[in-house]
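Residues per chain are reported as follows:
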Amino acid sequence: RRTLGETIHLHTNLARDVWPALSDANQLETALVNLAINSRDAMPNGGHLTIATANVTRDAGDDADADVQKDYVSIRVSDT
């Protein structure tokens, strides 16, 4: 919130049942901070930044390779 300033309103929509996922915590934090800074810079007059998580399962028809992972945790960042 300190990075965003007073004119950017942060909203979160975090799924309660999100699956555990392996990630590099530092890289994930860096990616989220960079996206937040880009959003802040794109909204000089203020706006809303939303971070949401969800479980995603791809249909078998989405990819011909049976070895490709079908279940994912999605992190979505959007702004106004």
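Here is a short report on the structure shown in this document. (Residues numbered from 1 in each chain as written. Predicted model: local features only at pLDDT ≥ 70, side-chain atom pairs only at ≥ 80, totals over all residues. Heavy atoms only, no water.)

1. Side note on the side chain of T53
Part 1 of the argument: If you trace the backbone, T53 turns up in strand β2 (residues 47-57).
Part 2 of the argument: At 2.9 Å, the side chain of T53 forms a polar contact with the backbone nitrogen of A15.
Part 3 of the argument: Ignoring sequence-local partners within four residues, the contact set of T53 consists of N13, L14, A15, S74 and I75. (Helix = DSSP H or I, 4+ residues; strand = E, 2+ residues; numbered from the N terminus. Polar contact = N/O pair within 3.5 Å; in protein donor to acceptor, adjacent residues only side chain to side chain. Contact = heavy atoms within 4.5 Å.)

2. Examining the layout of surface pockets
Part 1 of the argument: By volume, the largest pocket amounts to about 180 Å³.
Part 2 of the argument: Surrounding the largest pocket, R1, T3, L4, L10, E29, L32, V33, A36, L49 and I51 form its lining.
Part 3 of the argument: For the lining of the largest pocket, the elements supplying multiple residues, two or more each, are α1 (25-42) and β2.
Part 4 of the argument: Split into classes, the residues belonging to the lining of the largest pocket amount to 7 nonpolar, 1 polar and 2 charged. (1 Å grid on protein atoms, 1.4 Å probe; cavity = no way out; pocket = protein on both sides within 12 Å on 5 of 7 lines; lining within 4 Å. Points joined across faces, edges and corners; volume = space filled by probe spheres on them. Nonpolar A, V, L, I, M, F, W, Y, C, P; charged D, E, K, R; others polar.)

3. Overview of the nonpolar core
Part 1 of the argument: Residues L4, I8, A36, M43 and L49 constitute the largest nonpolar core, which totals 5 residues.
Part 2 of the argument: Non-local contacts of I8, meaning those with residues more than four positions away in its chain, are made with R40, M43, G46, G47 and L49. (Core = buried A, V, L, I, M, F, W, Y, C linked by side-chain atoms within 4.5 Å. Buried < 20%, exposed > 50% of the residue type's maximum accessible area, 1.4 Å probe, protein only.)

4. Concerning the pairing of β2
Part 1 of the argument: Relative to β2, strand β1 (residues 8-13) is paired through 6 bridges, and the arrangement is parallel. Its bridge partner lying in β2, I8 is registered against G47.
Part 2 of the argument: Summarising the sheet, β2 and strand β3 (residues 71-79) pair through 9 bridges and their orientation is antiparallel. Looking at the pairing, A54 lines up with S74 of β3. (Pairing = 2+ DSSP bridges.)

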